[in-house]
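The residues making up each chain are set out below.
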Number of protein chains: 4
Amino acid sequence: MKNSAVLLISCPDRKGIVATISDFVFNHNGNILHADEHADEGSNLFLMRVEFDPTEFDIELADFPRHFTPIAEEFKMQWRLARSNYRPKMIILVSKYDHCLIDLLYRHQSGELACDIPLIVSNHPDNQAVAEFYRIPYAVLTVAKDNKQASEKRLQSLIDEHNPDFIVLARYMQILSGEVCKRVEGRMINIHHSFLPSFKGAKPYQQAHARGVKLVGATAHYVTPDLDEGPIIEQDVIRVNHALSPERLAEAGRDVEAQVLARAVTWHAEHRVLLNGDRTVVFH
Amino acid sequence: MKNSAVLLISCPDRKGIVATISDFVFNHNGNILHADEHADEGSNLFLMRVEFDPTEFDIELADFPRHFTPIAEEFKMQWRLARSNYRPKMIILVSKYDHCLIDLLYRHQSGELACDIPLIVSNHPDNQAVAEFYRIPYAVLTVAKDNKQASEKRLQSLIDEHNPDFIVLARYMQILSGEVCKRVEGRMINIHHSFLPSFKGAKPYQQAHARGVKLVGATAHYVTPDLDEGPIIEQDVIRVNHALSPERLAEAGRDVEAQVLARAVTWHAEHRVLLNGDRTVVFH
Amino acid sequence: MKNSAVLLISCPDRKGIVATISDFVFNHNGNILHADEHADEGSNLFLMRVEFDPTEFDIELADFPRHFTPIAEEFKMQWRLARSNYRPKMIILVSKYDHCLIDLLYRHQSGELACDIPLIVSNHPDNQAVAEFYRIPYAVLTVAKDNKQASEKRLQSLIDEHNPDFIVLARYMQILSGEVCKRVEGRMINIHHSFLPSFKGAKPYQQAHARGVKLVGATAHYVTPDLDEGPIIEQDVIRVNHALSPERLAEAGRDVEAQVLARAVTWHAEHRVLLNGDRTVVFH
Amino acid sequence: MKNSAVLLISCPDRKGIVATISDFVFNHNGNILHADEHADEGSNLFLMRVEFDPTEFDIELADFPRHFTPIAEEFKMQWRLARSNYRPKMIILVSKYDHCLIDLLYRHQSGELACDIPLIVSNHPDNQAVAEFYRIPYAVLTVAKDNKQASEKRLQSLIDEHNPDFIVLARYMQILSGEVCKRVEGRMINIHHSFLPSFKGAKPYQQAHARGVKLVGATAHYVTPDLDEGPIIEQDVIRVNHALSPERLAEAGRDVEAQVLARAVTWHAEHRVLLNGDRTVVFH
């Protein structure tokens, strides 16, 4: 893989940001490979992604913060630097449905998804075998009805132990407390089914069937305390028809869920997604 | 155009329906060109569309009901016969937005949409010119806030006068009374924007923008007294991104609205859509 | 799974086919669940798929041919009967690329793809592990440059031994002789990349990149002696852009290949695909 | 519309381009609204689009070249500056098929497509009426078989007279000479049908039907002397099935042609498309 570094920035919009950033990279002998920006008119926020070749960069990347902080402070930037030779760590949470898990593990193994997976956590033992096949540690964390707090505490300590860069809910059917969601804000990705119109409550594919929808979809989003309502990263749909039973609708839905989640996770892992309030900006 | 007749049937499911229908057509020397069926497990309803060549049919089509009624009664069928040499009559209702109207008029003139348009009704004069260009009569029916009943009465008398086979709401922004909706059930098609998730209330594209959706969609459906909730005929979406302003989202939405409505209207005009409770069956 | 039988028919078009078939099913006390037909104007061929519930059918299905043959002969039909309680046998051939293989094995295991897989054959040992994980026998059949005939003979004897209902080339990179292709005509499915425009020769994704295509696609088709030109079962595309390297284009292509092949194989296994000369008719 | 200026640049890649450009804009008191770039590894070409707010820019835009030329020369740039308050001029060429023409005229009138249309040129009088409806001058330029050179000369003088920024072949069925194509390279956009696989020669929809394609597509591209092979701007497809006649395939194809051409023209008019050898880079 190409040696590169990605600088992600968001700050209040004003003149001179691009010039300042590109001067900084150039003056330290970096070569900009890609740069993308978005100035949001509504929020007056400026978002930028700069990918540069640091081969001849005259600052050690470990030393980058010290040199960059004065600029960041002047422009009131939120920023982070990601290096291509660092593989982000991703923990996957999963329940029984395995379609998203298997898809992610396959993309990880094939090299498409450049990250490390130190751990899979599940409230069921069902997916142990496939985890073993791909040689990923698998922790079963039983969630008892009368003991949600204890299991969430154990989950939190597993997360703390492995210190992942981000967490993926690959069809994890347990509701996380607002406290956990808050701690991983912008770093936890969830996938859920989506329909036109949307259906609340249980058995969504039964509802979609009863309503005769012609499309079945999925949405990948960052988790916020308001579970299915966080900033959307990616969405897609698949065409269905009247001949499909609710089970077949659900199968079609699983296909689109796996694809949408894979794209969202890949873009996040490649540092292409920036938060813009309740929205995301995805730089392709 | 090929000479053909389309028989549409729905009835409680039981053995022998297909055999009875196809025998009837065959015994009277008709040739089945297409036949599609759907047996709905949930509702136990059987739905069928039979298109046949009546060239050598030994019953006058005007006389068809008399011969077919005994079968229909035995099987408790709801049915209708449509003949290809009869062009259905469609009335279009429109307000100011013209994208769906213009798309339908173009498809009508090009021969793609095989129906007659005796009248366009609008609560605004804005689309008079394009109606004239396509030589379609255009009635302006001002809707006053304090006089909704009177204008709806006039609308109803215009409909009665022209006796259309179906009515299309091509972005008609007035709410019709439950009574009108009831009278045209299964014969009035509406188009509205659709999102994942769906948004209630005003300025939907502003809401969609604020929520950062990655898809913008549209749904064509039959009108029921519950305005935006009738049986869905067709849906589609278009991909959008963070760089689009609410206005640009709305432009993308208009494109997909026009396409979705055109497909729904064409399928209805070709007698491809059957009602199955709150759903539709569309035979392609 | 629901008890059902599927009767697939193709014959010269003439009056009375639907009536004859549906009478036959009805008179023997079968209940038609779905029936689809297509009368091809160009070729004058009539194609039909009838799915019926044989629970009360008064002919043993094993005895079906004896009762149906007189009808088949009268109408010069090609036909076959498939029973839902018989799981078709599918052999998969694969080389090194594993994306299609893994996708099919997952759908098989999840129950989505209702067939048995007695054997995977490969010219490489690479995919042995995943075959073992899914407990499917895996035969390595090395193809030597100077000994193509011998390996094809061994392949043929493996096929003869397992007598599959159909064979899937899940990215099998060896060219099969015209003789083999001929023997499995209509029963061997291949997947290959497709572009607008199409590219001949080696390194197609390099060519697609050089040409700046905006879509990357795949086609699943029946194998004929003219390798990449058999009757098309399914096609799809995925959107790409200028920022993607040839490797990334190929990754996008693999996604669409796996999806398209899975759909084609599922439809074939459900007896939804009929040959119509150089084309297919797919009844959904 | 927002006051903005777009600077388009392509030059050999090297360090410091982004810094130099953004410094230039900043030092003259411009505010960068959007900036997109692409460094092409294969060709070593760097392409950039910078949109900035020139409200407080201290150089008159008319005077921009004088100030920017030293930079352009140093980096060996090809460049152009477009101003949002200048509406580009587009000439449309059309034959009999009117679907693309009508779509473009509608988008122009609705304000979606921000350009002026000084002239429509056609080798047939058929589309005169719609041109008049939209109040666009329409020149009939009969192309006689024995006099192609004379009509092309007249076409060239019409182009010279109106001096358009770009020309759109909206289903113009005459082949232009290599000389004309050469003169408008990068400024003339064509639309043609596209299939998987592609078909050469006449009656493409008949061929697509005979081959049983499941997708019908379209490609918009810049015209080069090699007529249907210029740099691709946009492509899309629409799903079709076996039940569609060649005429219906062609109708589906017309829909996708109009959409694809509209997107390509809009992007070109918004200065979003850059040539990269035989490819395009489209900045969204």
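About the thresholds
Residues numbered from 1 in each chain as written. Chains lettered and ligands numbered in written order. Predicted model: local features only at pLDDT ≥ 70, side-chain atom pairs only at ≥ 80, totals over all residues. Heavy atoms only, no water. Least-squares fit on C-alpha atoms with pLDDT ≥ 70 in both. Contact = heavy atoms within 4.5 Å. Buried < 20%, exposed > 50% of the residue type's maximum accessible area, 1.4 Å probe, protein only. Helix = DSSP H or I, 4+ residues; strand = E, 2+ residues; numbered from the N terminus. Pairing = 2+ DSSP bridges. Right-handed = clockwise from strand over helix to strand, strands pointing away. Axes fitted to C-alpha atoms, helices over the stretch in contact; angles between N-to-C directions. Polar contact = N/O pair within 3.5 Å; in protein donor to acceptor, adjacent residues only side chain to side chain. Buried area = accessible area lost by both parts, 1.4 Å probe. Salt bridge = Lys/Arg side-chain N within 4 Å of Asp/Glu carboxyl O. Nonpolar A, V, L, I, M, F, W, Y, C, P; charged D, E, K, R; others polar.

Draft legend 1. Geometry of the relation of the copies chain D and chain B. With an RMSD of 0.0 Å, the fit of chain D onto chain B corresponds to turning through 180° and sliding 0.0 Å along the axis. Taken together, these values place the two copies in the relation of a two-fold axis. Minimal C-alpha distance to the rotation axis in chain D is attained by Phe133(D), lying at 3.6 Å. Of the residues that chain D buries at the interface, 100% are likewise interface residues in chain B, meaning the two copies contact each other through the same surface.

Draft legend 2. How the structure looks around the pairing of strand 6 (residues 116–122) of chain C. Residue and element names in this part refer to chain C. Within strand 6, six of the seven residues are buried, leaving the element largely enclosed by the surrounding structure. Across five bridges, the pairing between strand 5 (residues 89–94) and strand 6 is parallel. Paired with Leu-93 across the bridge in strand 6 is Val-121. This β-α-β element, strand 5 to helix 3 (residues 99–110) to strand 6, shows right-handed connectivity. Examined bridge by bridge, strand 6 and strand 7 (residues 138–140) share three bridges and lie parallel to one another. Residue pairing across strands places Ser-122 opposite Val-140, the latter belonging to strand 7. Once you follow strand 6 into helix 4 (residues 128–133) and on to strand 7, the crossover reads as right-handed.

Draft legend 3. Representation of the sheet that holds strand 9 (residues 188–194) of chain D in the model. Residue and element names in this part refer to chain D. An order of 7-6-5-8-9-10-11 is seen for the seven strands of this open sheet, with the pairing classed as mixed. Two strands lie at the open edges of the sheet, namely strand 7 (138–140) and strand 11 (232–239), each paired on one side alone. In this sheet, adjacent strand axes meet at a mean angle of 20° when their direction is disregarded. This element, helix 8 (residues 246–269), spans strand 5 (89–94), strand 8 (166–169), strand 9, strand 10 (215–222) and strand 11 of the sheet and lies at about 150° to strand 11.

Draft legend 4. Layout of the environment of His99(A). Within the fold, His99(A) resides in helix 3 (residues 99–110). Residue class for His99(A) comes out buried when judged on its relative accessible area of 6%. Between the alpha carbons of His99(A) and Met188(A) there is a distance of 19 Å; along the sequence they are 89 residues apart. Ignoring anything within four residues of it in the chain, the contact list for His99(A) reads Arg171(A), Arg254(A), Glu257(A), Ala258(A) and Tyr106(C). Side-chain polar atoms of His99(A) contact the side chain of Glu257(A), separated by 2.8 Å.

Draft legend 5. Molecular detail of the interface of chain B and chain A. Each partner contributes residues to the interface: chain B has 32 residues there, and chain A has 32 residues. Both sides together, the interface formed by chain B and chain A hides about 2800 Å², and carbon and sulfur atoms give 50% of it. Among the residues chain B hides against chain A, the three largest losses belong to Leu196(B), Arg211(B) and His242(B). Together they make up 26% of the total. One can count six salt bridges joining chain B with chain A. Salt-bridge contacts for Arg211(A) lead to Glu229(B); the nearest nitrogen and oxygen are separated by 3.0 Å. Inspection of the chain B/chain A interface yields 16 residue pairs in polar contact (both at pLDDT 80 or more). Broken down by secondary-structure element, the contributors of at least two residues to the side of chain B that touches chain A are helix 7 (204–211), strand 11 (232–239) and strand 13 (279–282) of chain B. With seven residues, the single largest contributor to the side of chain B that touches chain A is strand 11 of chain B. Its residues assigned to classes, the side of chain B that touches chain A shows 13 nonpolar, nine polar and 10 charged.

Draft legend 6. The relation of the copies chain B and chain A, seen in detail. Screw-axis analysis of chain B against chain A gives a translation of 0.0 Å along the axis, an RMSD of 0.0 Å, and a rotation angle of 180°. Counting the interface residues of chain B, we find that 100% of their copies in chain A are interface residues as well, pointing to one common contact surface.

Draft legend 7. Seen up close, the sheet that holds strand 10 (residues 215–222) of chain C. Residues and elements named next belong to chain C. In space, the seven strands of this open sheet follow the order 7-6-5-8-9-10-11, with mixed pairing throughout. Single-partner strands in this sheet number two, and they are strand 7 and strand 11 (232–239). The sheet shows a mean angle of 20° between the axes of neighbouring strands, taken without regard to direction. Two strands pair when backbone bridges link them, and strand 10 and strand 11 are joined in this way by seven bridges, in the antiparallel orientation. Bridge assignment links Ala-220 to a residue of strand 11, and that residue is Glu-234. Where helix 3 meets the sheet, it contacts strand 5, strand 6, strand 8 (166–169) and strand 9 (188–194), and its direction lies at approximately 165° from that of strand 6. Contacts from helix 8 (residues 246–269) reach strand 5, strand 8, strand 9, strand 10 and strand 11 within the one sheet, and its direction differs from that of strand 11 by about 150°.

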